[in-house]
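Structure assessment
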Amino acid sequence: MATTSSEHFDVVIIGAGLSGVAAGYHLQTTCPTKRFVILEGRDSIGGTWDLFRYPGIRSDSDMFTLGYSFKPWTEPKAIADGSRILNYVRETATENGIDSKIRFRHRVKRSSWSTRDARWTVEAERLTGEGATEAVTFTCNFLFSCAGYYRYEDGYTPEFKGTADFAGQIIHPQKWPDNLDYAGKRVVVIGSGATAVTLVPELAKSASHVTMLQRSPTYVVSRPAQDVLANKLRRNLPASLAYHLIRWRNVLLGMYFFQLSRRKPARVKELILKGVRMALGPDYDVATHFTPRYNPWDQRLCLVPDGDLFKAIREKRASVVTREIDTFTKNGIRLKDGSDLKADIVVTATGLVLQILGGMQVVVDGVPIDFSKKLLYKGMMYSDVPNLASAFGYTNASWTLKCDLTCEYVCRLINYMDRHNYRQCMPHNDDPTLEAIPHLEFSSGYVQRALPSMPKQGSRRPWRLYQNYALDILSLRFGKVDDGVMQYS
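This text gives an overview of the structure that appears in the document. (Residues numbered from 1 in each chain as written. Predicted model: local features only at pLDDT ≥ 70, side-chain atom pairs only at ≥ 80, totals over all residues. Heavy atoms only, no water.)

1. Some remarks on the sheet that holds strand 16 (residues 345–348)
Stated precisely, the cut-off is as follows: Two strands are counted as paired when DSSP detects at least two bridges linking them. Helix and strand definitions here come from DSSP, where helices need a minimum of 4 consecutive H or I residues and strands a minimum of 2 consecutive E residues; each element is numbered from the N-terminal end. In this analysis, axes come from line fits to C-alpha atoms, helices being fitted only over the stretch in contact, and the angle between any two N-to-C directions falls in the range 0 to 180 degrees. Note on contacts: a residue pair qualifies if any of its non-hydrogen atoms lie within 4.5 Å across the two residues.
Within the open sheet, the 5 strands sit side by side as 7-16-8-9-12. Their pairing is parallel. Of all the strands in the sheet, just strand 7 (169–171) and strand 12 (318–322) have a single pairing partner and so form its edges. Strand after strand, the sheet turns through a mean of 20 degrees between neighbouring axes, direction not considered. Here strand 8 (residues 186–190) runs beside strand 9 (residues 209–214); their pairing, made up of 5 bridges, is parallel. Of the residues in strand 9, the one forming a bridge with Val189 is Met212. Across the sheet, helix 5 (residues 194–203) lies against strand 8, strand 9, strand 12 and strand 16, angled at about 165 degrees from strand 9, the strand it touches most.

Printed below as a string of structure tokens:
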């Protein structure tokens, strides 16, 4: 595999999805003299919203908070379809000339830092056609990973017995086949998370029947797809003003609900289950199928716009089965209680595989970095790793809220270094009493599986993640860049 000569940039951004486009916008707006490039492993803009093609894909955050702070969301639906979100991301890139900075089919494999040269050497594979690749290298002063938080190549599927005996199709939503015909078919969707509750009502529109097979329930909340107040404000106020008013209303409501869930979990649980009972009627077994064993926000809540899942269940087009799988059979799935579910298609909506920095290998002065031994600084940088940041959104609110703030902070950091003629910045912990705790405090399976390989957070600021947008505004937008923890040289 041939290697081309290296190009140098001030900043290399990895990933041209929601956060990569935001990074490009903030850099060219706030650091206009900086030359940057965006390396994208795939052949199009959009990240998650381009990768996932399963029926009904949509946001599970409202677009007034999932949208960018600098580009108002103007569509009528607040809970938006995936195709509309993809158009929004691509439109943002085109309007701001960010699309011209993207190198497609460049998959970053390894990045090496040299303290002597104060620069990263980024090694990528460029797909040249017909499966052939060539090695490409870039150098930069600052590396900004916007590669997301999960592995794009494959999702997570548990080992199920008997899958070879099944006569139908088994599909993971992350690799949804084009032109799959499920009309009139019996479909079983394994899972109870956001993907499952999105797929079930959409498939039920034309399948003969859809069964959501879950080992245990998830909290499911219905919310109108259109925000009536938002649409009214937009008719009567300038678009940007209306957008930011609704954005802040939704942020504050989300923060209030999350804090209430922490302070009074039993009360919030009662409210959520009351909504489910109203949607499904007094005779439905809510205790079995929609009452989790954990408290609200110990895992992410599932959002169903306009109660579409509940409607499909009421109309008998879909059903929920809460049992464990014994084995696949020729005609479907046998459960551990001995009952059988007939299926022509089985969808394994069983989760993602989390990974750090898109799976990129990172080396500092010849030493490979083990990120499971690192502390997260302000949710974006890593202890003793110089000039490297990554965008990672909230678990209790929309992804973009945190990513926008992360981009702002990275730009502040770069400008601060320029003003003081620094070449290197690196967070370093010298407090022996700081306790390392898990990065994500979620009991979800996909999180628990990944925790051993993930960086840790600290027990105090600036190493602590509070999952709180208001606190992060104070810290990232207005807090000191030279805080005594970030070391400059």
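Read on, since the account is not over.
2. Some points on the sheet that holds strand 13 (residues 325–329)
The strand order across the open sheet built from 3 strands is 13-14-15, with neighbouring strands paired in antiparallel fashion. On the outer flanks of this sheet lie strand 13 and strand 15 (340–342), each paired with one strand and no other. Taking the axes of each pair of neighbouring strands and ignoring which way they run, one obtains an average angle of 20 degrees across the sheet. Both strand 14 (residues 332–335) and strand 15 contribute to a ladder of 3 bridges, which runs antiparallel. Bridging from a neighbouring strand, Gly332 pairs with Lys342 of strand 15.

3. A short note on the packing of helix 6 (residues 228–236) against helix 7 (residues 239–263)
Inclusion rule: Here roughly perpendicular refers to angles of 65 to 115 degrees, roughly parallel to angles under 35, roughly antiparallel to angles over 145, and oblique to all remaining angles. By definition, turning the near helix anticlockwise from the far helix through less than a right angle yields a left-handed crossing, and turning it clockwise yields a right-handed one. Only Asp, Glu, Lys and Arg are considered charged, only Ala, Val, Leu, Ile, Met, Phe, Trp, Tyr, Cys and Pro nonpolar, and every remaining residue, Gly among them, polar.
Interhelical geometry of helix 6 versus helix 7 gives an angle of 160 degrees and a closest axis separation of 9 Å. With respect to their mutual orientation, helix 6 and helix 7 come out roughly antiparallel. For the element pair helix 6 and helix 7, the recorded crossing hand is right-handed. Contacts between helix 6 and helix 7 involve Leu229, Ala230, Leu233 and Arg234 on the former and, on the latter, Ala242, Ile246 and Arg249. In terms of residue class, the contact of helix 6 with helix 7 is built from 5 nonpolar, no polar and 2 charged.

4. A look at the side chain of Lys34
The test is simple: In protein, a polar contact requires one atom able to donate a hydrogen and another able to accept it; more generally it is a pair of N or O atoms within 3.5 Å, and residues adjacent in sequence count only if both atoms are side-chain atoms.
Mapping Lys34 onto the fold places it in the loop between helix 1 (18–30) and strand 2 (36–39). At 2.8 Å, the side chain of Lys34 forms a polar contact with the side chain of Asp418. Among residues more than four places away in sequence, those in contact with Lys34 are Asp10, Ile414 and Asp418.

5. Some remarks on the pattern of salt bridges
Here is the rule: A carboxyl oxygen of Asp or Glu within 4 Å of a side-chain nitrogen of Lys or Arg is what we treat as a salt bridge. The buried label applies to any residue whose accessible area, calculated with a 1.4 Å probe on protein chains only, is under 20% of its type's maximum; exposed applies above 50%, and partly exposed to all values in between.
Per the stated rule, a full pass over the model turns up 34 salt bridges. Of the charged contacts in the structure, one is a salt bridge between Asp227 and Arg249, with a shortest N-O distance of 2.3 Å. Placement of the pair is Asp227 in the loop between strand 10 (220–223) and helix 6 and Arg249 in helix 7, with a sequence separation of 22 residues. Accessibility expressed as a relative area gives 26% for Arg249, which makes it partly exposed. The salt bridge partner of Asp298 is Arg262, with a shortest N-O separation of 3.5 Å. Of this pair, Asp298 sits in the loop between helix 9 (286–289) and strand 11 (302–305) while Arg262 is found in helix 7, placing the two residues 36 residues apart along the sequence. For Asp298, a relative accessible area of 26% puts it in the partly exposed group. Assessed through its relative accessible area of 37%, Arg262 is described here as partly exposed. One network of salt bridges, with partners in common, ties together Arg42, Asp50, Arg53 and Arg90.

6. Details of the packing of aromatic side chains
Each aromatic ring pair is summarised here by two numbers: the centre-to-centre distance and the angle between the ring planes. What counts here: Put simply, two rings from Phe, Tyr or Trp (the six-membered ring, in Trp's case) pair if the centres are within 6.5 Å, and we call them stacked under 30 degrees between planes, edge-to-face over 60, tilted for the rest. Should the NZ of a Lys or the CZ of an Arg lie within 6 Å of a ring centre and within 35 degrees of the ring normal, that charge is described as sitting over the ring.
Under the definition given, this model contains 27 aromatic pairs. Centroid distance Tyr284 to Phe290: 6.0 Å. Interplanar angle 50 degrees. Geometry classified as tilted. Given a relative accessible area of 2%, Phe290 falls into the buried group. One residue, Arg464, lies across the ring of Tyr466, its end atom 5.6 Å from the ring centre.

7. Here we look at the pairing of strand 4 (residues 106–114)
As judged from the 8 bridges shared by strand 4 and strand 5 (residues 119–129), these two strands associate in the antiparallel manner. By the bridge assignment, Ser112 is partnered in strand 5 with Thr121. Counting the residues that bridge the hairpin from strand 4 to strand 5 gives 4 residues, and of these Ala118 lies at a positive phi of roughly 50 degrees. Here strand 4 pairs with strand 17 (residues 361–364) via 4 bridges, running parallel. Bridge pairing links Ser111 to Val362 in strand 17.

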